[in-house]
Amino acid sequence: KNLIALFEDEYNSKILSFFKAFKNISVSGVSNFSAKVFIVSDILRHNKEIKKVFWGVNNFSEQENLVHSLRMWTDVSVYSLEFDVNQDGSKEKERMNQVKLLETLSLLQNNNRLIVVFSYTSLFQTVPLLDEIISRVITLKKGVNMRIMDLFEQLIDRGYEVSQDM
């Protein structure tokens, strides 16, 4: 883990200076994913203020290899966003995709460093509006009594369902 720390700073000095000047860059079509991982790892090493990185790939195999390499080369958490193709309209697949989407959105809310690797097909998922998400928040406070049935009713009103994976 964090293999980039074993290399001296001079390897990507031109790219790093370019990044500092423009802040938003795309490392696209440059070379194979291993070289891109090396470059992005170095950028992250020198720019601790970067909190979130989004990396789109073409297919599952590329995603799997990229996630593995990023976990080896950086000290940043790596999240692989994968949705099940739901061509048959399965309620269970739809529910699992919604769970994955909410998990991803919750990871993006905090200020921790994170690399999200996703396939371009993931971009076709519908995402709820921020106001819709906020309107469904239930806040529980320590020391405040609440009847369990009231909590269940609030959860059901907000669209939560009984899960078979519990």
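Residues numbered from 1 in each chain as written. Predicted model: local features only at pLDDT ≥ 70, side-chain atom pairs only at ≥ 80, totals over all residues. Heavy atoms only, no water.

## Notes on the packing of aromatic side chains
Going by this rule: Pairing of aromatic side chains requires ring centres within 6.5 Å, counting the rings of Phe and Tyr and the six-membered ring of Trp. Pairs whose planes differ by under 30 degrees are stacked, by over 60 edge-to-face, and all others tilted. The numbering of helices and of strands both runs from the N terminus, where a helix is a DSSP run of H or I of at least 4 residues and a strand a run of E of at least 2. Relative accessibility decides the category of a residue: with a 1.4 Å probe and only protein chains considered, values under 20% of the type maximum give buried, values over 50% give exposed, and everything between is partly exposed.
As enumerated under the stated definition, the model contains one aromatic pair in all. A ring pair is formed by Phe 38 and Trp 73, whose centres lie 5.5 Å apart and whose planes are at 85°; its orientation type is edge-to-face. Residue Phe 38 is located in helix α2 (residues 33–46), and its partner Trp 73 is located in helix α3 (residues 60–73); the two are separated by 35 residues in the primary sequence. The burial state of Phe 38 is the same as that of Trp 73; both residues are buried.

## Quick word on the nonpolar core
What counts is decided by this rule: Joining through side-chain atoms within 4.5 Å is the link that ties buried Ala, Val, Leu, Ile, Met, Phe, Trp, Tyr and Cys residues into a set, and such a set is a nonpolar core. We call two residues contacting when some pair of their heavy atoms lies within 4.5 Å.
Membership of the largest hydrophobic core comes to 21 residues, with the highest contact counts inside it found for Leu 44, Trp 55, Leu 66, Leu 70, Ile 115 and Val 117. Listed by contribution, the elements that provide at least two residues to this core are α1 (13–22), α2, β1 (52–57), α3 and β3 (114–119). Considering every element that reaches this core, the biggest residue donor is α2, with six residues. For Leu 66, the residues in contact, after removing those within four places along its chain, are Phe 33, Val 37, Trp 55, Val 57 and Val 117. Membership of the second largest hydrophobic core comes to seven residues, among which are Phe 83, Leu 101, Val 116 and Phe 118.

## Details of the layout of surface pockets
The criterion, for reference: Buriedness for pockets is judged along seven lines, at least five of which must meet protein on both sides within 12 Å for an open set on the 1 Å grid over protein atoms alone, while cavities are sets there where a 1.4 Å probe fits but cannot get out, and lining residues have an atom within 4 Å of a point. Grid points are joined across faces, edges and corners, and a volume is the space filled by probe spheres set on the points. Asp, Glu, Lys and Arg are counted as charged, while Ala, Val, Leu, Ile, Met, Phe, Trp, Tyr, Cys and Pro are counted as nonpolar; the rest, among them Gly, fall into the polar class.
Within this model, the largest pocket holds a volume of roughly 1100 Å³. Lining the largest pocket are 30 residues, with Gln 98, Leu 102, Arg 136, Arg 158 and Tyr 160 positioned closest to its centre. Among the secondary structure elements, those contributing two or more residues to the lining of the largest pocket are α4 (91–109) and α5 (130–135). Per-element tally for the lining of the largest pocket: the top contributor is α4, with 12 residues. In terms of residue class, the lining of the largest pocket is made up of 13 nonpolar, nine polar and eight charged.

## Overview of the pairing of β1
The cut-off we apply is this: Two strands qualify as a pair provided DSSP detects at least 2 bridges between them.
Along β1, the buried face is formed by Val 53, Trp 55 and Val 57; none of Lys 52, Phe 54 and Gly 56, which line the opposite face, is buried. For β1 and β3, the ladder comprises six bridges, and the chain directions are parallel. By the bridge assignment, Val 53 is partnered in β3 with Ile 115.

## Focus: the packing of α1 against α2
For any two helices packed against each other, the geometry is given by the interaxial angle and the distance between the axes. Quick note on the threshold: Helix axes are fitted only over the stretch in contact, all axes being lines through C-alpha atoms; the angle between N-to-C directions runs from 0 to 180 degrees. Oblique is the label for any angle not under 35 degrees, not over 145, and not in the 65 to 115 range, which are roughly parallel, roughly antiparallel and roughly perpendicular in turn. For any helix crossing, the convention is left-handed if the near helix is rotated counterclockwise from the far helix by under a right angle, and right-handed if that rotation is clockwise.
Interaxial distance between α1 and α2 falls to 10 Å at its minimum, and their mutual angle equals 60°. Between α1 and α2, the angle is such that the two are oblique. When you trace α1 past α2, the crossing you get is right-handed. Contact with α1, carried on its side by Ile 15, Leu 16, Phe 19 and Lys 20, involves Ile 39, Asp 42, Ile 43 and His 46 of α2 and no other residues of that element. Among the residues making up the contact of α1 with α2, the classes are represented as five nonpolar, one polar and two charged.

## Some words on the pattern of salt bridges
Threshold: The rule for a salt bridge is simple: a side-chain nitrogen of Lys or Arg has to be within 4 Å of a carboxyl oxygen of Asp or Glu.
For the structure on display, the rule yields five salt bridges. For the salt bridge of Arg 136 with Glu 132, the shortest nitrogen-to-oxygen distance reads 3.9 Å. Here Arg 147 and Asp 150 are joined by a salt bridge, their closest N and O atoms 3.3 Å apart.

Nothing here speaks to function; it is all geometry.
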